[in-house]
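A look at the structure
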Amino acid sequence: ARPVVHGNLRSQHSQTSATPGVHSVLQEVWQTVLGLEEIGPDESFFDLGGDSLAVLEAVALAHARGLTLSPALWYDPFCGPSLAGQSAAIQGAY
């Protein structure tokens, strides 16, 4: 069975208008936490230098920007620690 994705974008807008923002917010969070300007959609958070403490920092920063995540998302075998995988998993949770 597929695990539950812990993601939610709080927005006054409809699901359709909120969904594209998920990737942008998540990418901005990754760039800030990892200190990188460019992150490819299929790159691994951990291969880019992230660790368990960086995951917690990313969760906190995402929450501050309106995206509620669980650290478990980074270890989900279905979406993995890639930007594209996490964005898709979060969008699928709506």
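In what follows, the accompanying structure is described. (Residues numbered from 1 in each chain as written. Predicted model: local features only at pLDDT ≥ 70, side-chain atom pairs only at ≥ 80, totals over all residues. Heavy atoms only, no water.)

**Quick word on the pattern of salt bridges**
One pass over the structure, following the stated rule, counts one salt bridge. Between Arg-65 and Glu-28 there is a salt bridge; the shortest N-O distance is 2.5 Å. Here Arg-65 is found in the loop between α2 (52-64) and β2 (67-69), whereas its partner Glu-28 is found in helix α1 (residues 15-34), with 37 residues between them in sequence. On the basis of relative accessible area, Arg-65 is assigned to the partly exposed category, the value being 34%. Overall, Glu-28 belongs to the partly exposed group, its relative accessible area being 39%. (Salt bridge = Lys/Arg side-chain N within 4 Å of Asp/Glu carboxyl O. Helix = DSSP H or I, 4+ residues; strand = E, 2+ residues; numbered from the N terminus. Buried < 20%, exposed > 50% of the residue type's maximum accessible area, 1.4 Å probe, protein only.)

**Looking at the packing of aromatic side chains**
Per the counting criterion, the structure on display carries four aromatic pairs. Note on Phe-45 and Phe-46: the rings are 5.7 Å apart at their centroids and 90 degrees apart in plane angle, and the pair reads as edge-to-face. Judged by relative accessible area, Phe-45 falls into the buried class, the value being 0%. Residue Phe-46 is classed as partly exposed on the basis of its relative accessible area of 27%. Judged by centre distance (5.6 Å) and plane angle (70 degrees), the rings of Phe-45 and Trp-74 are edge-to-face. Taken as a pair, Phe-45 in the loop between α1 and α2 and Trp-74 in the loop between β2 and α3 (83-92) lie far apart in primary sequence, 29 residues in all. Among the residues examined, Trp-74 registers a relative accessible area of 2% and is labelled buried. Joined through ring pairs, the aromatic side chains of Trp-30, Phe-45, Phe-46, Trp-74 and Tyr-75 make up one cluster. (Phe/Tyr/Trp six-rings, centres within 6.5 Å; stacked < 30°, edge-to-face > 60°.)

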